[in-house]
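# Report on the structure
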Amino acid sequence: MAGPLRREQQRAASIVRVLALYRPLLDAYVIEFFTEDLWARLPPSWQAALADVPAPRLAAALLQPAATTVTAVWPLSLLAFKATAQALAFPRHHHRRRHRRRLPCQSAALPPLLRKHVKPKKQHEIRRLGQVVKRLSQAAGCDRVVDVGSGQGHLSRFLAFGLGLPVTAVEGDGRLVEAAERFDRELLRELRKAQARGAQVPLFPRGPRHVAGRLDPRAPWLDELLPPEPGPPAGPPNPLGSRGPERVLLTGLHACGDLSVALLRHFARSPHVAALTSVACCYMKLSTRPASPATSPALGYPLSAWVAGLPGHALSYKAREAACHALEDYAGRLRADSGALRTHCYRAVLETLIRAADPSKKRLAVQTVNKAHALSFPEYAQLGLPRVGLDPAAFQLDSEAVRAMLRQGQRVVAFFSLALLLAPLVETLILLDRLLYLREQGFQCALIPLFDPRFSPRNLVLVAAKCPLGPVLSALDEDSGDDEDSGDDEDSGDDEDVAPPGGSPPSCPQAEPSTEEQSQG
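Below: a short report on this structure.

Each helix and strand in the chain was counted, giving 20 helices and 9 strands. Looking at the chain as a whole, 56% of its 521 residues qualify as buried. Counting only carbon and sulfur atoms, one obtains 54% of the accessible surface of the chain, whose full area is about 21900 Å².

Attention shifts here to the state of the cysteines. One pass over the structure, following the stated rule, counts 0 disulfides. In this structure C281 is a free cysteine whose sulfur lies 3.3 Å from that of C282, the closest cysteine sulfur available. A residue is classified by how much of its surface remains accessible, and C281, at 8% relative accessible area, is buried. The exposure class assigned to C282 is buried, which follows from its relative accessible area of 2%.

Taken across its 6 residues, strand β7 (residues 444–449) has 5 buried, putting it largely inside the fold. With 6 bridges connecting them, β7 and strand β8 (residues 460–465) associate as antiparallel partners. Within β8, the residue paired with P449 across the bridge is L460.

With that out of the way, let us pick up the pattern of salt bridges. Applying the stated criterion to the full structure yields 21 salt bridges. The closest approach of N and O atoms between R175 and D173, which form a salt bridge, is 3.0 Å. A relative accessible area of 26% means that R175 is categorised as partly exposed. On the accessibility criterion, D173 (15% relative accessible area) is buried.

Turning our eyes to something else, we now look at a positive patch on the surface. Together, R182, R185, R189 and R192 line one region of the surface with positive charge. With respect to the helices and strands, R192 occurs in helix α9 (residues 174–196).

Right, let's get into the sheet that holds strand β5 (residues 248–256). A sheet is described by the order of its strands in space; here 7 strands give the open sequence β4-β3-β2-β5-β6-β8-β7, paired in mixed fashion. The open sheet has two edge strands with one neighbour each: β4 (209–212) and β7. This sheet shows a mean twist of 15° between the axes of neighbouring strands, independent of strand direction. Relative to β4, strand β3 (residues 167–171) runs parallel, the two being bridged by 4 bridges. For T168, the partnering residue across the bridge sits in β4 and is R209. Sheet contacts for helix α8 (residues 154–162): β2 (144–148), β3 and β5; angle to β3, the most-contacted strand, approximately 175°. Packed on one face of the sheet, α9 meets β3 and β4 and runs near 165° to β4.

All right, on to the nonpolar core then. Inside soluble globular proteins, nonpolar side chains tend to come together where they are buried. Residues L19, F81, L334, L418, L425 and L438 are the most contacted members of the largest nonpolar core, which totals 119 residues. When neighbours within four sequence positions are excluded, L19 is seen to be in contact with L26, L315, L422, L425, V426 and L429. Counting residues in hydrophobic clusters, the runner-up holds 37 residues, among them C142, L155, L165 and A465.

Looking now at helix α5 (residues 76–88). Side chains that are three or four residues apart share a direction in an α-helix, a result of its 3.6 residues per turn. Between the first and last C-alpha of α5 there are 18 Å, a value that for 13 residues agrees with the 18 Å anticipated at 1.5 Å per step. Within the sequence span of α5, burial applies to L78, F81, K82, A85 and L88. Along the axis of α5, the buried residues cluster in a sector spanning 155°; they form a single face. Facing away from the buried side of α5, by more than 90 degrees, are the exposed residues L76 and A87.

Quick look at the packing of aromatic side chains now. Tallied over the full model, the rule gives 11 aromatic pairs. Pairing F377 with Y380 gives two aromatic rings, centres 6.2 Å apart and planes at 35°, and the pair type is tilted. Here the residue F377 and the residue Y380 both occupy positions in helix α15 (residues 377–384), the gap between them amounting to 3 residues, near one helical turn. Judged by relative accessible area, F377 falls into the buried class, the value being 2%. Taken together, the ring pairs connect F33, F34, W39 and F415 into an aromatic cluster. Above the face of the Y29 ring, R363 is positioned so that its terminal group lies 3.9 Å from the ring centre.

Turning next to unusual backbone geometry. Between Y301 and the following residue, P302, the backbone shows a cis peptide bond with an omega angle of -5°. Its place among the elements puts P302 in the loop between β6 (273–281) and α11 (305–308). Phi is positive for H254, which is not a glycine, with a value near 60°. With respect to the helices and strands, H254 occurs in strand β5. Backbone geometry at D337 places phi at a positive 50°, although glycine is not the residue there. Among the secondary structure elements, D337 is positioned in the loop between α13 (327–335) and α14 (342–357). Residue class for D337 comes out partly exposed when judged on its relative accessible area of 48%.

Turning to the environment of V426, a few remarks are in order. In this structure, V426 sits in helix α18 (residues 423–440). Relative accessible area serves as the criterion here: at 0%, V426 is assigned to the buried category. A C-alpha to C-alpha distance of 9.5 Å links V426 and E321, two positions 105 residues apart in sequence. The contact partners of V426, leaving out residues within four places of it in the chain, are L19, L26, L315, A319, R320 and A323.

A few words on α18. For α18, which comprises 18 residues, the first-to-last C-alpha distance of 26 Å matches the rise-based estimate of 26 Å (1.5 Å per residue) to within 8%. By the criterion of burial, α18 is predominantly enclosed, with 17 of the 18 residues buried. Directly after α18, the chain includes G442, whose backbone phi takes a positive value near 90°.

Reading the values: rules and limits
Residues numbered from 1 in each chain as written. Predicted model: local features only at pLDDT ≥ 70, side-chain atom pairs only at ≥ 80, totals over all residues. Heavy atoms only, no water. Helix = DSSP H or I, 4+ residues; strand = E, 2+ residues; numbered from the N terminus. Buried < 20%, exposed > 50% of the residue type's maximum accessible area, 1.4 Å probe, protein only. Areas by Shrake-Rupley, 256 points an atom, 1.4 Å probe, with all protein chains shown as cover. Disulfide = S-S within 2.5 Å. Pairing = 2+ DSSP bridges. Salt bridge = Lys/Arg side-chain N within 4 Å of Asp/Glu carboxyl O. Patch = residues over 30% accessible without salt bridge, like charges linked within 9 Å, V, L, I, M, F, W, Y side chains within 5 Å. Lys, Arg positive; Asp, Glu negative; His and termini not counted. Charge placed at Lys NZ, Arg CZ, Asp CG, Glu CD. Axes fitted to C-alpha atoms, helices over the stretch in contact; angles between N-to-C directions. Contact = heavy atoms within 4.5 Å. Core = buried A, V, L, I, M, F, W, Y, C linked by side-chain atoms within 4.5 Å. Expected span 1.5 Å × (residues − 1). Arc of directions from axis to C-beta. Phe/Tyr/Trp six-rings, centres within 6.5 Å; stacked < 30°, edge-to-face > 60°. Lys NZ or Arg CZ within 6 Å of the ring centre and 35° of its normal.

Read these as layout, nothing more, since geometry by itself doesn't imply function.
Next comes the structure, spelled out in structure tokens:
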């Protein structure tokens, strides 16, 4: 393990040095493009090379692999920036997985009863992660899978009904637990009907056990879960607590912020947790400093002793938020020269007008303006200014100064693309920190690009076990060539992100934010 550990330590140190070098770019908010004169932060040679580059050529030259042909002559420093960022980031495609021209619609390998209520993206994720969980559970001799942050139970349902694994699903939102139990009952009814008709349905008759409760991300270990929200004042028993000789595999599919870190801590500290699969998201929600000076620092980042000891390892909220963006999705918008790209410039101009009227109003949340790219800027501003308490009638929305800023739209997109090139480096550093945390304690672990990143941007799964991982990883490498998703457009029923009665949509902040949301960040 000394070899991989040393290579990972060197990689983390190199990323920290690179991020420190480009921190003014990484921490910049594109909505401040004009108010902070962000274009002037770039070297003059970069400004000259990027000033008038069309979006499709920007995608080919900047965000695509280094082998892409570039027709223009770029400064060596800019080429080195791109090459370094791409070389240090974790690969996001499996080397043996063949590429599809179209994204998967429905997973043909999932029985129809398991597709209901599940969007194609989630079908793709639960199918691929389920294969990993099953193989790892068998290799580690686990008696049960505990799915933390299980939401409406889609992964737990597939593991239990589809793969026959004993599953406990833990979710902190009581409304989502109710929805998950309702979906389980619905599936069982349909399964019994099909069996009564004599149909052969490849499902197991036992569903997951649902528990409403929350793991405390800052606690080293608990015998009881925190109560759900909403829920009773006392929490239920922790399914990861002392339960005799039972061996548990702990999994979390896009566990938010510190919750994914809590899974790692429980794996490291509990003798009952024999294996772990973790797909993270919402890096901006990670705790990066103690809640108070009196509390012990159980931080979400840094987690490992190595990264914590690197000078300049700190990551700003902006940097961590950028790591949640979807590079492949944005490159597709550039290639298509999407009209939605102009919203970056719209929001930056709007920020200039807002601060000119009231300097105290900085980076205020302007909620997404629907189809903003289809509007003229005055129409966009008429909708946006009231959302920050300003009267549009007090502004000259078609002045020469406004038009001059709007003519710089390509520069705004180019600047945002440069900053986005650093996003995979930030994600790599955060995940390397977790990998090193486990390696420092002697555990076997690996990071695998499991999902298609065009479809599921947070596609890296951290796999760890208290047993040899080699056979499992070899088997997964063989599985990687399987193409289980089809273009079948069969109706999959209701979407997964329908809010429970009386609640807001249950999903976390989107990993692939809209252009308007990106331009606010």
